[in-house]
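Per-entry structural report
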Amino acid sequence: MKIGVIPPVPMEPFSASPHEAANLWSAFFLARDREPWVETARLAGFPDNFSLWARCLYGMVFETATQTVYYPEPGLPKEVARVMQLLGEQDVRVVPFSFPILRNEGRLRDELAKLSESLEVAPGILETVLARWAEVRTSLRRFDGLQQRSAGFSSREYVSMLALCMDPRRDVDSIRREVEAGILTYQDVGRDRWTRVGILGLTPYREGFYDALEERKAVVVYDEWGVENNPMATANDLVSLYNRCPIPYGLKRRQERALREIASRRIRGVILGVEYMCENIRDEGFFRANLGLPVLVLESAKGVPLSDVETHQLDRFLNECGRS
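Residues numbered from 1 in each chain as written. Predicted model: local features only at pLDDT ≥ 70, side-chain atom pairs only at ≥ 80, totals over all residues. Heavy atoms only, no water.

**Some thoughts on unusual backbone geometry**
Residue proline 7 is joined to proline 8 through a cis peptide bond whose omega torsion reads 15°. Note that proline 8 resides in the loop between β1 (2–5) and α1 (12–16). Even without being glycine, alanine 65 reaches a positive phi, approximately 55°. Looking at the secondary structure, you find alanine 65 in the loop between α4 (52–63) and β3 (68–73). Positive phi, close to 60°, is recorded for glutamate 120, a residue that is not glycine. Turning to its location among the elements, glutamate 120 is positioned in the loop between α6 (105–118) and α7 (125–150). (Helix = DSSP H or I, 4+ residues; strand = E, 2+ residues; numbered from the N terminus.)

Written as structure tokens, this is what we have:
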């Protein structure tokens, strides 16, 4: 059976499943050509001003004949949630992974057990898979550490590696080798003297955005979405591992993690990645009030290059970062 999953649903049970599973977000973010998915959504009646991620999600499911899609509750953007509803009406099985409203290890354990049962994970396999993924994330921690200390990778290289490591359909050993190969390409090209920025929220997928940062000598040294969906803490079991993650347990827990990362990574400003600004006004206000750094909100839903107005906003934001 072909299965798709939308983060932040834990990936390890999908890797341990006998089914063919794919992280639909990673496939979307890393794709070089999204047009076939967009065309499928267009033929289904989706307007061109609908979220690009949501349209591609719909297109991917049908282009790949995916039979079941797992998604997180809560936390889906409105138009992605609408796609899930439509898929459910069109003979695609859609299954929620319900995070506890408040962090609760027992309830999370129950939900993970239910997920493993639904995926037909054989007893004992999950522990083995968790150990193999721990090896990948040990390598990824080294990769992330290099970016944290010296910004040795371009912003695009950094966020793409994090997205790559979320995908359960890839052979685990091949992912680890790819991370190690990325580490070997590290070289000091002076980015450590550039403006260091962090990303909170959904990793931006706007065309040309990372090139715009590079041109302005700014570099991403922290990507909340990528890091939290690749939990790199040491843990003996899946529940302990994911119980530590602040997503999706509210703004206060995300703030605590963000402040630690801002200090350790010497971040000068934060980009809040969202689908639509109007759906994230509360998040924007909270982070502006509580991080003590410049905050730029970047909408990704259009998926188009930055407009002149947005380019001006980026310039102003980076100037503020230089003064912070």
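**A look at the packing of aromatic side chains**
Using the criterion set out here, one finds 17 aromatic pairs in the structure. Pairing tryptophan 25 with tryptophan 225 gives two aromatic rings, centres 6.4 Å apart and planes at 85°, and the pair type is edge-to-face. With a gap of 200 residues between them, tryptophan 25 in helix α2 (residues 24–30) and tryptophan 225 in helix α11 (residues 224–228) connect regions that are remote in the sequence. Each of the two residues, tryptophan 25 as well as tryptophan 225, counts as buried. Aromatic ring contacts, followed pair by pair, group Trp25, Phe28, Phe29, Trp53, Tyr205 and Trp225 into a single cluster. Taking the ring centre of phenylalanine 28 as reference, the NZ or CZ of arginine 34 above it sits at 4.2 Å. Taking the ring centre of phenylalanine 29 as reference, the NZ or CZ of arginine 156 above it sits at 4.9 Å. (Phe/Tyr/Trp six-rings, centres within 6.5 Å; stacked < 30°, edge-to-face > 60°. Buried < 20%, exposed > 50% of the residue type's maximum accessible area, 1.4 Å probe, protein only. Lys NZ or Arg CZ within 6 Å of the ring centre and 35° of its normal.)

**What about the sheet that holds β3?**
On the basis of which strands lie adjacent, the open sheet formed by four strands has the order β2-β1-β3-β4 and parallel pairing. Looking at strand neighbours, the two that pair on one side only are β2 (20–23) and β4 (93–98), the edges of this open sheet. In this sheet, adjacent strand axes meet at a mean angle of 25° when their direction is disregarded. Of the pairings in the sheet, the one linking β3 to β4 comprises six bridges and is parallel in character. (Pairing = 2+ DSSP bridges. Axes fitted to C-alpha atoms, helices over the stretch in contact; angles between N-to-C directions.)

**So, the pattern of salt bridges**
A pair can form between side chains of opposite charge whenever their charged atoms are brought close. The tally for this structure, following the rule as stated, stands at 21 salt bridges. Note that glutamate 214 is salt-bridged to arginine 191, the shortest N-O span being 3.1 Å. Here the residue glutamate 214 occupies a position in helix α10 (residues 209–215), and arginine 191 occupies one in the loop between α9 (172–184) and β5 (195–201), the gap between them amounting to 23 residues. Relative accessible area serves as the criterion here: at 11%, arginine 191 is assigned to the buried category. One salt bridge connects glutamate 215 with arginine 216, and the closest N-O pair in it is separated by 3.6 Å. Here arginine 216 falls in the partly exposed class, since its relative accessible area comes to 27%. Each of Asp144, Glu228, Arg257, Glu261 and Arg265 takes part in salt bridges that share partners, so that together they form one network. (Salt bridge = Lys/Arg side-chain N within 4 Å of Asp/Glu carboxyl O.)

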